[in-house]
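Listed below, chain by chain, are the residues.
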Amino acid sequence: MMLEYIFELIDLINNFDGSVKSENRMRDLICFLSDSDDVEYKGLIEPVVFEASEKLRVFGYIYGKNSITKPDNMMGSLGEIKHASIQNYYTSKVFSNNLLDKRQKEIIECYQHLECKRLLVSAPTSFGKTFILREILFLNQNRYKNILLIFPTIALLNENTDSMKNLIESLGVAYNIINNVYSGINPLDKNIFILTPERALKLLSDNDDLKIDFFFFDEVYKIDEDFTVDEDCEHEDSTVQLKEDKGNRAKAFRIALYLLTKKVSDFYLAGPYLNLNNLKSGLHKYIKNNNITIKQIDFEPTMRIEIDAWKKGVIQNHPILGKNTINIYNKNNLSTVDKILGIIKFIENNKLGQTIFYCSTPSHSMGYVREVIDHLHEKSNADINHDFIEHLKNRYGFKIDGRGNSAQYWSLVCALENGYGIHHGKFPKYVQNEILKMFNKAKFSSLFCTSTIIEGVNTNAHNVVIINSSVGNSSMSAFTMKNIKGRAGRYYHNYIGRVFYTDKKQKDISNENQLQLNFSTFDVKPILNVDLDKYC
C-alpha cells in the first residue's frame, strides 16, 4: 500500500502543474509519507520527499523534524547543480543556513519592489510572519532609523523583544530595543520600539516629533470587535462589561493603526485567515485610500485530519486514507468527560503526540482537568518542574483543604502533579509562560486551555480537541474556529495535525462563511463627531 502513495507522489512531481489542487495533494502525500514509521520503505521515501519538497519550494519537510540529507544520486550530477541553485535562490538574507519557502520569498520580494511599501498579508498561523519581518528589517536597515513593532499582548511583546535582541546581537546591527514608554529616546540613535497598541499611542502622544520610518502591526484583525477573542467572561452578568472591554481594546487598535498610517510611509500588516478578497466597506476603503498591496496566502504546510468524535461511531476524515471509522468510545450515551477521557486514551494508545484541549472559560479548563484526574485514578507520564510547583504553593498560600483565594492555583498544582497542564488568561503572565515552556518541552502531553492559546502563541501540539463551542459566553465564529484548528500541527515540528470535534455544532461552525473584516473608522455607517476624520 505504501508503494502506491510513493508512486503517486513521483507522478505528481513529474506532472506538477502548480494548481492549488496539486499543491495540496502533494503536501498531503509528503506529510503522510514523512510521518510513516515504515522502515522497509524509508530508503525510497526520503529521496522522493526531498524532490517533492523542492518542487513545492517548501523546505521545512527537508530541514524540519526529520532532516533529510541530499540523495546520493544528486552527488556530482546535474541534479546537484539544480539543487544548489534552488536552495541558493531561497536562502535567507539574514541567516545563510535558513531557507525561505516560496510564498515567504514572494512576499519579501513583493515588499522590496513596491514603490509604495505598504503591505497587508493574510496567512495561516504557522506561516512565519515574524520571520518575514526579520528579513524586511535586515534588507532595509540603512533606510529605517526608527522602527515600531506592534503586538497585541505583553507575552508576544516580551517574546519578540528577546527575538529582536538576539537578531541585532548576532548581526551586529546598531539598534536600541525599547519595549516600554518610559525610556528616554536619543534622536541620534537607531531604535526598534516593541509595544502594544496602547503603549504605541502613548509613545506617539509623548513624542510628537518622533519620525517613525517603518511599522509592523501584528494580528490586525483586532481592529474589529467582531473578531476579538476574550475568554475572561465566565458569568452571564459580566457579558455587558466584556463587550465594553472588547470595544475599548478594538478602538485602541483602530486609533493606533489610523494614526500610524497617516504618519508613517512604510508598513507591513499581518493576520491569520482574514480572507482579504471578501472585506467590508470600511477596510476596503482604508486599503484603497492608502495604496496598500494585499497578499492572500491560503496554503497550509501541515496535513490536517479532522475527526468527528461526538458519538460512539467516530469518523476519521483522512486526506490520504479517506473516511474510516475508528474506535474511541465503548458506550453510546457520552458525557463531555467521557469524550475527553476516550480521546486521551486513544491519543496515548496510538502515540499521536501532544494535545491541546480547547475550553470556553478558565473555570471549564480547571473543572475538566479535575474530573479527568478523578476518573483516571493514576498519574499521567510526565516530567514536571517540581520547583515551579513548590513556588506556586509558597507564593499563593495553599491550605491543605484547598480553601481560600487560591482555588484556581490549587487546581493548577493538582493538574501539574498529575501530569496535566492548564493555561488561561487569569493566571499571571509568568505562570502562563512557564506552562507553555513545559508543554513545548514535552514535560506533559495534555494542555487544557482557553482562547489565550490562539493569541499568536506557538506550541508543539500535534492535536487539538475542541471541547466547547463558545468563547466565554459568546458564540464561536468560523474565524475563531479556524484559528483554534490552526494550532493542530506546527510546520517544521509536526507533519500532521489532528482536530477532534466533540460536538457536531463545532463542525457546522467550521463550515460557516467567515466574518468580513471591517475598519469602522472608514465605514459608510455614521460615526460620532469625536471619531477621527468623520469625512475621511
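Keep in mind that what you see is a predicted model, and the values were worked out from it rather than measured. (Residues numbered from 1 in each chain as written. Predicted model: local features only at pLDDT ≥ 70, side-chain atom pairs only at ≥ 80, totals over all residues. Heavy atoms only, no water.)

### Regarding the overall build of the chain
Keep this limit in mind: Strands are runs of DSSP state E lasting at least 2 residues, helices are runs of H or I lasting at least 4, and numbering of each runs from the N terminus. Residue contacts are defined here by distance: any two heavy atoms, one from each residue, within 4.5 Å place the two residues in contact. Each accessible area value is a Shrake-Rupley result obtained with a 1.4 Å probe; residue values ignore everything except the protein chains displayed when judging cover.
Secondary structure assignment for the chain yields 18 helices and 17 strands. A sequence separation of at least 24 residues applies to 73% of the contacts in the chain between residues at least 6 apart. When the accessible surface of the chain is summed, it comes to about 24400 Å², and 47% of that surface belongs to carbon and sulfur atoms.

### Examining the packing of aromatic side chains
How we decide: Classification of ring pairs rests on two measures: the distance between centres of Phe, Tyr or Trp rings, Trp counted by its six-membered ring, which must be within 6.5 Å, and the angle between planes, read as stacked under 30 degrees, edge-to-face over 60 and tilted in between. The rule is simple: take the accessible area with a 1.4 Å probe, protein chains only, and divide by the maximum for that residue type; under 20% is buried, over 50% is exposed, in between is partly exposed. Any Lys NZ or Arg CZ that is within 6 Å of a ring centre and within 35 degrees of that ring's normal is treated as a charge sitting over the ring.
Tallied over the full model, the rule gives 21 aromatic pairs. Taking 6.1 Å as the distance between ring centres and 90° as the angle between the ring planes, the aromatic pair formed by tyrosine 111 and phenylalanine 214 counts as edge-to-face. In this pair, tyrosine 111 is assigned in helix α6 (residues 102-113) and phenylalanine 214 in strand β5 (residues 214-217), connecting sequence segments 103 residues apart. Comparing tyrosine 111 with phenylalanine 214 shows no difference in burial state: the two are buried. Ring plane angle 5° and centroid distance 4.5 Å describe the contact between phenylalanine 357 and phenylalanine 448, whose orientation is recorded as stacked. Separated by 91 residues along the polypeptide, phenylalanine 357 in strand β11 (residues 355-358) and phenylalanine 448 in strand β13 (residues 446-449) bring together distant segments of the chain. Side by side, phenylalanine 357 and phenylalanine 448 carry an identical accessibility label, which is buried. Linked through ring pairs, Tyr258, Tyr286, Phe519 and Phe522 together constitute an aromatic cluster. Lying over the aromatic face of tyrosine 89, lysine 105 brings its terminal NZ or CZ to 4.6 Å of the ring centre.

### A look at the sheet that holds strand β6 (residues 266-272)
Note the following rule: Strands are labelled as partners when DSSP assigns at least two bridges between them. Under this scheme, a helix contributes an axis fitted over its contacting stretch, all axes are lines through C-alpha atoms, and angles between N-to-C directions fall in the 0 to 180 degree range.
Strand order in the open sheet formed by seven strands is β3-β4-β2-β5-β6-β1-β7, and the pairing between neighbours is parallel. With partners counted over all chains shown, the strands left at the sheet margins are β3 (176-178) and β7 (293-296), one partner each. The average angle at which neighbouring strand axes cross in this sheet is 15°, direction not considered. Relative to β6, strand β1 (residues 118-123) runs parallel, the two sharing six bridges. Each bridged residue has a counterpart across the sheet, and for alanine 123 the counterpart in β6 is proline 272. Each of β2 (146-150) and β4 (191-195) is contacted by helix α9 (residues 197-206), which is oriented at about 135° to β4, the strand it contacts most.

### Quick look at the pairing of strand β9 (residues 314-318)
For β9, the buried fraction is high: four of the five residues fall into the buried class. Pairing of strand β8 (residues 303-308) with β9, which is carried by three bridges, proceeds in the antiparallel orientation. Residue pairing in the sheet places isoleucine 307 in a bridge with glutamine 316 of β9. Hairpin connection, β8 to β9: the antiparallel pair is bridged by five residues.

### What about the sheet that holds strand β12 (residues 420-423)?
Within a beta sheet, neighbouring strands are joined by backbone hydrogen bonds and run either parallel or antiparallel to one another. The sheet built from eight strands is open, its strands ordered β10-β9-β8-β17-β14-β11-β13-β12 with mixed pairing. With one partner strand each, in any of the chains shown, β10 (322-326) and β12 form the two edges of the open sheet. With direction set aside, neighbouring strand axes in the sheet form an average angle of 20°. One ladder, built from four bridges, connects β12 with β13; its direction is parallel. By the bridge assignment, tyrosine 420 is partnered in β13 with serine 446. Sheet strands in contact with helix α2 (residues 20-34) are β8, β9 and β17 (496-501), and its direction is about 80° off that of β8.

### Details of the side chain of aspartate 224
The criterion, for reference: Charge counting treats Lys and Arg as positive and Asp and Glu as negative, with His and both chain ends excluded. Should a side-chain nitrogen of Lys or Arg be within 4 Å of a carboxyl oxygen of Asp or Glu, the pair is scored as a salt bridge. Pairs of N or O atoms within 3.5 Å make up the polar contacts considered here, provided that, within protein, one atom can donate a hydrogen while the other can accept it, and that residues adjacent in sequence are counted only when both atoms are side-chain atoms.
With respect to the helices and strands, aspartate 224 occurs in the loop between β5 and α10 (239-263). One buried charge, aspartate 224, has no salt-bridge partner; the nearest side chain with opposite charge is lysine 280, at 5.6 Å. A polar side-chain atom of aspartate 224 sits 3.0 Å from the main-chain amide nitrogen of asparagine 518. Residue contacts for aspartate 224: discarding those within four places in its chain leaves Ala250, Gln516, Leu517 and Asn518.

### A word on the confidence of the model for the chain
Stated formally: Per residue, pLDDT measures the predictor's confidence, with a range of 0 to 100.
Looking at the chain as a whole, its pLDDT mean stands at 87, while 89% of the residues score no less than 70. The spread of mean pLDDT over the elements of the chain runs between α10, the lowest at 77, and β5, the highest at 98. Contacts for the low-pLDDT stretch residues 231-244, under 50 throughout, to residues beyond four places or in other chains number 28 contacts.

### Here we look at the pairing of β12
Consecutive side chains of a regular strand alternate in pointing toward one face of the sheet and then the other. The following threshold applies: Assignment of crossover handedness uses the view with strands pointing away from the viewer, where a clockwise path from the first strand over the helix to the second indicates a right-handed crossover.
Neither face of β12 is exposed, since Tyr420 and Ile422 on one face and Gly421 and His423 on the opposite face are all buried. What joins β12 to β13 is helix α16 (residues 429-440), and the crossover it makes is right-handed.

### Some details on helix α13 (residues 362-376)
Going by this rule: Expected span, for any helix, means 1.5 Å times one less than how many residues it has.
Between its terminal C-alpha atoms α13 stretches 22 Å, which fits the 21 Å expected from 15 residues at 1.5 Å a residue. Listed in full, the buried residues belonging to α13 are Pro362, Ser365, Met366, Gly367, Tyr368, Val369, Val372, Ile373 and Leu376.

### Section: the nonpolar core
Filter applied, for reference: In these notes, a set of buried Ala, Val, Leu, Ile, Met, Phe, Trp, Tyr and Cys residues joined through side-chain atoms within 4.5 Å is what counts as a nonpolar core.
Formed by 98 residues in total, the largest nonpolar core has its most connected members in Tyr61, Leu416 and Phe448. By residue number, the principal contributor to this core is helix α12 (residues 336-349), which donates seven residues. Leu260, Leu269, Phe479 and Leu517 belong to the second largest nonpolar core, which has 38 residues in total.

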